[in-house]
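Descriptive analysis of the structure
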Amino acid sequence: MHKNLKHLIKVSKELFSLDFIDKLSKKSGFIKRKGKLSADKFMAFNIFSSEDMCTKSLSTLCARFEVQFDTLISPQSLNERFNDNSVKFMQEVFNTMLIKQNKLLSSKSSVLPEIFNRILVTDSTVITLPREFYSEFKGSGNENLGAAVKIQLQYDLLTGTFTCCEIQEGTTNDASYTKTMIDTIEANDLSLADLGYYKSDFLKKINEKEAFYISKIKNNTAIYIKNPNPELYKTTGNIKKSTEFIKMDIYKFIEELEEDQTIELNDVYIGAEKELKPRLIITKLSEEQTEKRASKLMASTKKKRGTLNSRSVSWNCLNAYITNVEDSILKTEEIHLFYSLRWQVELMFKVWKSIFKIDQVKKVKIQRFKCFLYGRLIALLLSSSIVFTAKNIILENDDKEISNFKSFDKVIEYFPMIRQEIFRGEVAIARVFKRLLLIIGRLGIKSKRKGRKTTKEILELLILPSISPIESVI
């Protein structure tokens, strides 16, 4: 048996041991005395049988509970069990599994390049909720427009580890999450995030940690170059600070570029404080690409009832990235392709909504919704551990890359079997996990699309066996 699979089985056995669950349930106040609805059954129900828990009636859920656990409870009793203590219990399980998953998946496969310690992709997804949840989960606008929950996710593309996963109100600004993100970033990590997280101070802190970033920049970002002829003080000969830099007009600059032309500028400074001196990579897009972007921008602006300005329209014709990854690691023309790995987090959210149906919520008791949400996230953590363990084993043994979407889809089909076996110890867990890995290896292989590179092929663009320390920013 592969060592990665052994580790997965061991961790799963620890997390789903009845003694461990009993301790968590008593700590959270979920179990105070013995009753029909035990902690392990409630936990299993929320994890493996809850895809429609916020859309089905309580009586239907009670019938399902009787079928799966041979335990009959009344709708009133089930409703009462969705309370603050049960939410705390599910939250404890989630937090514990998040820590265990980090340990489980922390060592990446030797098959993948060793340039970066981790590739951390970050994004958020918003789930629209009934307006009755507005007091706890505020959405856009006022109470009549409805409630929403935002889930922030940062995960390691190499291992599938959820390094951060946090539930917030729907109105929370993504940029504020950079305070949490920076605490998780370590030396030689690579951070990929969209413009919602763009803050020059955040990128500066990444650089100070001797980590890496590739980021797009906003259309109002101040870009400076050194003035070749600054003014000097006559008395001292020192440079007048106000004349040391010249603000670059990027729009005049791109007018001279041909369509699909990519260039790199190295002697530029970003931000009013000139605190970053990255590589600036600019690509002028084709007319067709520009028109597509313009249509999306117009639709988005209309939806938000905003107004377009000339800078936003002009910005549609280019891609502009900044990075502190050395050109000896990634060439100029490879930066855009490598940044496209960020879309893997979007595919993860597609798994959440299409397969795990985390966004299917109707008006129910708020504690029932929270149990559902934590149950789905725990299910995703366990499934991610299985999928990425399978990914590394299959890549190492067969040199084949599996599709995340196909693989998660296969895992959820095994949920009834996992629910039955997960509490029965190491032998039972090993039996079902071996079957799952066999199925993923046969039915979860990624299909090759013409003209598109796979994640593995993009990672193989990295051209150095090791990296040198980053020079300090100016």
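Everything numeric in this text was worked out from a predicted model, so none of it was measured.

**Considering the pairing of strand 11 (residues 318-323)**
Burial analysis of strand 11 places six of its six residues in the buried class, the great majority of the element. Looking at chain direction, strand 5 (residues 212-216) and strand 11 are connected through three bridges and run antiparallel. Looking at the pairing, Ser215 lines up with Ile322 of strand 11. In terms of strand pairing, strand 10 (residues 279-284) meets strand 11 through six bridges, oriented antiparallel.

**Points about the packing of aromatic side chains**
Applying the stated rule across the entire model yields 23 aromatic pairs. With centroids separated by 5.1 Å and ring planes inclined at 55°, the aromatic side chains of Tyr321 and Tyr339 adopt a geometry described as tilted. Residue Tyr321 is found in strand 11, and its partner Tyr339 is found in helix 12 (residues 335-339); the two are separated by 18 residues along the sequence. As far as burial versus exposure is concerned, Tyr321 and Tyr339 are alike and both buried.

**Structural notes on the sheet that holds strand 1 (residues 119-129)**
With respect to topology, eight strands assemble into an open sheet ordered 3-2-1-4-5-11-10-8, the strand pairing being mixed. Looking along the sheet, the strands with just one partner apiece sit at the ends: strand 3 (162-169) and strand 8 (262-265). Averaged over all neighbouring strand pairs, the angle between strand axes comes to 20°, with direction disregarded. Bridge count for strand 4 (residues 190-193) against strand 5 is three bridges, and the pairing is parallel. Paired with Ser191 across the two strands is Tyr213, which belongs to strand 5.

**Here's the deal with helix 6 (residues 84-104)**
Taking 1.5 Å per residue as the helical rise, helix 6 with its 21 residues ought to reach 30 Å, and the 30 Å between its terminal C-alpha atoms agrees with that figure. The N-cap residue of helix 6 is Asn83: its side-chain oxygen and the backbone nitrogen of Asn85 are 3.0 Å apart.

**Examining the packing of helix 2 (residues 18-28) against helix 6**
Two numbers describe a pair of packed helices, the interaxial angle and the distance between the axes. Close contact between helix 2 and helix 6 brings their axes to 8 Å; oriented N to C, the two are set at 135°. Judged on the interaxial angle alone, helix 6 and helix 2 are oblique. Crossing angle aside, the handedness with which helix 2 passes helix 6 is right-handed. Between helix 2, through Phe20, Ile21, Leu24, Ser25, Lys27 and Ser28, and helix 6, the contact on the second element is made entirely by Asn85, Lys88, Phe89, Glu92, Val93 and Thr96. Partitioning the contact of helix 2 with helix 6 into residue classes produces five nonpolar, four polar and three charged.

Calculation criteria
Position labels on residues start from 1 in each chain and follow its written sequence. Confidence filtering applies because this is a predicted model: local features only for residues at pLDDT of at least 70, side-chain atom pairs given and counted only at 80 or more, and all residues used for totals across whole chains, interfaces and linings. The side-chain values count all of the structure's non-hydrogen atoms but skip hydrogen atoms and water molecules. Each residue's exposure class comes from its accessible area (1.4 Å probe, protein chains only) as a fraction of the maximum for that residue type: buried when under 20%, exposed when over 50%, partly exposed otherwise. Elements are defined by DSSP. Helices are runs of H or I of four residues or more, strands are runs of E of two residues or more, and each kind is numbered from the N terminus. By the convention used here, strands pair only if DSSP detects at least 2 bridges between them. Two rings belonging to Phe, Tyr or Trp (six-membered ring only in the last case) form a pair when the distance between their centres is within 6.5 Å. Interplanar angles under 30 degrees mark stacking, angles over 60 mark edge-to-face geometry, and anything in between is tilted. All axes are obtained by fitting lines to C-alpha atoms, using only the stretch in contact for helices, and the reported angles, taken between N-to-C directions, cover 0 to 180 degrees. Multiplying 1.5 Å by the residue count of a helix minus one yields the expected span of that helix. Each polar contact in these results corresponds to two N or O atoms within 3.5 Å; when the atoms are within protein, one needs to be able to donate a hydrogen and the other to accept it, and residues that are neighboring in sequence are counted only if both atoms are side-chain atoms. Each angle receives one of four descriptions, namely roughly parallel if under 35 degrees, roughly antiparallel if over 145, roughly perpendicular if within 65 to 115, and oblique otherwise. Handedness of a helix crossing follows the sense of rotation of the near helix relative to the far helix, less than a right angle counterclockwise being left-handed and clockwise being right-handed. What makes two residues a contact is simply this: any of their non-hydrogen atoms within 4.5 Å. Side-chain classes follow a simple rule in which Ala, Val, Leu, Ile, Met, Phe, Trp, Tyr, Cys and Pro form the nonpolar group, Asp, Glu, Lys and Arg form the charged group, and the remainder, Gly included, forms the polar group.

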